[in-house]
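The chain contents come next:
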Amino acid sequence: MNGSASAERTIVALGGNAFAAPDVPLTMEHQFEFASKLFQSMTPLLADQRELIITHGNGPQVGQMLIRAEQARKAAYPLSLDVCVAESQGELGYVISQSLQNRFSELGITRSIAPLLTRVVVTADDPAFHNPTKPVGPWYAAEQIDEIRQRGYPLIEVPGKGFRRVVASPRPREILEVDSINALLESGAVVIAAGGGGTPVTRQSGHLQGIEAVIDKDLTSALLGILTDARLLLILTDVPCAYQDFNTPQQAPLGHLDITAARELLEQEHFAEGSMKPKIEAAIQFSNRPGTRTIICNREVLDQALSGQAGTIIELSSESTS
Ligand code: ADP
Ligand code: MG
């Protein structure tokens, strides 16, 4: 069964808030609950049976894996970050496919769902490796840091909280499973791919090797959206839209933007590194093709955002606004 021909091929990037909230403990039960609520609010995108790719973040899940690995250090083998990302694709691929299948069945829709382990090539000479910025895993006390540093982990100190490992966030260059993803889409399956930004691997003289890094899921989603020729990139996060002058008295919501305006706001540093900035960068890359658009919004305003009444909507030029 193929997706509806009239509806646009869509890639949805789910943020960490899709499966967790600051005031709710992270448990498997809660992740299933959140996923079920999420697919309730995504009903318009499910009911028309459009071709659909789902990507997702994994920060909280990988954080918990690293805590487990640290606690079990004497009893179980350690996990490198590429392995953690791959495992998180398994965990969340299960949560998402189960919850989505249940929603489809409530809607009376029979559709296959294909969660796919996805590797993403990064380059070992990416400038990000000179300046690791992404904090991961447990907090360490001052007396532990010599031992942690011996493992080769760079650390940052946050006054009052302790020390934390930081890793590089290199750019996604290539998605190894893209042909399989396209074939699955053609077969009518909903594809869950590139979880956590993809498992980071390098290629040297044709040889693939996992590397300790995390790739931004929004940038990978834009790349995957381009490689699958998707028309809509929907970035579901925990704010209703992007703002200019965020967190200042002048804060103002950004509605419809063309790529030129988005680039200007990016250059004026309205968007924070590692959170909103990669979403705007992803939007600029993805929407740089006629007939495409990127929507940044939360679950609560999704319905209105799909009809252009809410969220931040980024397109090549404002004339192409539907
Ligand atoms: P996700 O898990 O969905 O990727 P992130 O935390 O990475 O979520 O990004 C969303 C966050 O970006 C918001 O919660 C908000 O705090 C932050 N943010 C930074 N700059 C902006 C901005 N200019 N407009 C809106 N949100 C912003
Ligand atoms: Mg994020």
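Data block above holds the structure.
In this text the structure is predicted, and so the values were computed from the model without any measurement. (Residues numbered from 1 in each chain as written. Chains lettered and ligands numbered in written order. Predicted model: local features only at pLDDT ≥ 70, side-chain atom pairs only at ≥ 80, totals over all residues. Heavy atoms only, no water.)

A separate point is the packing of helix α8 (residues 259-267) against helix α9 (residues 276-286). Interhelical geometry of α8 versus α9 gives an angle of 150° and a closest axis separation of 10 Å. If you check the angle between α8 and α9, you find them roughly antiparallel. Here α8 and α9 pass one another in a crossing that is left-handed. Contact residues: α8 offers Ile-259, Ala-262, Arg-263 and Leu-266, while α9 offers Lys-277, Ile-280, Glu-281 and Ile-284. The residue makeup of the contact of α8 with α9, split by class, is five nonpolar, no polar and three charged. (Axes fitted to C-alpha atoms, helices over the stretch in contact; angles between N-to-C directions. Helix = DSSP H or I, 4+ residues; strand = E, 2+ residues; numbered from the N terminus. Parallel < 35°, antiparallel > 145°, perpendicular 65-115°, else oblique. Left-handed = near helix turned anticlockwise from the far one by under 90°. Contact = heavy atoms within 4.5 Å. Nonpolar A, V, L, I, M, F, W, Y, C, P; charged D, E, K, R; others polar.)

Attention now moves to the packing of helix α3 (residues 59-71) against helix α4 (residues 81-106). Across the interface, α3 lies against α4 with an axial gap of 9 Å and an inter-helix angle of 120°. Taken as axis vectors, α3 and α4 run oblique relative to one another. For α3 against α4, the interelement crossing comes out right-handed. Contacts from Gln-61, Val-62, Met-65 and Leu-66 of α3 reach α4 at Leu-81, Cys-84, Val-85, Glu-87, Ser-88, Glu-91 and Leu-92. Each residue belonging to the contact of α3 with α4 can be placed in one class, and the counts come to seven nonpolar, two polar and two charged.

The next thing to look at is the pattern of salt bridges. Summed over all chains, the structure comprises 18 salt bridges. Here Arg-50 and Asp-48 are joined by a salt bridge, their closest N and O atoms 2.8 Å apart. Here Arg-289 ties to Asp-229 by a salt bridge, and the two come within 3.2 Å at their closest N and O atoms. Taken together, the positions of Arg-289 in the loop between α9 and β16 (293-298) and Asp-229 in the loop between α7 (217-227) and β12 (232-237) put the pair 60 residues apart, joining distant regions of the chain. A relative accessible area of 15% means that Arg-289 is categorised as buried. Residues participating in the shared-partner salt-bridge network are Glu-8, Asp-48, Arg-50 and Arg-293. (Salt bridge = Lys/Arg side-chain N within 4 Å of Asp/Glu carboxyl O. Buried < 20%, exposed > 50% of the residue type's maximum accessible area, 1.4 Å probe, protein only.)

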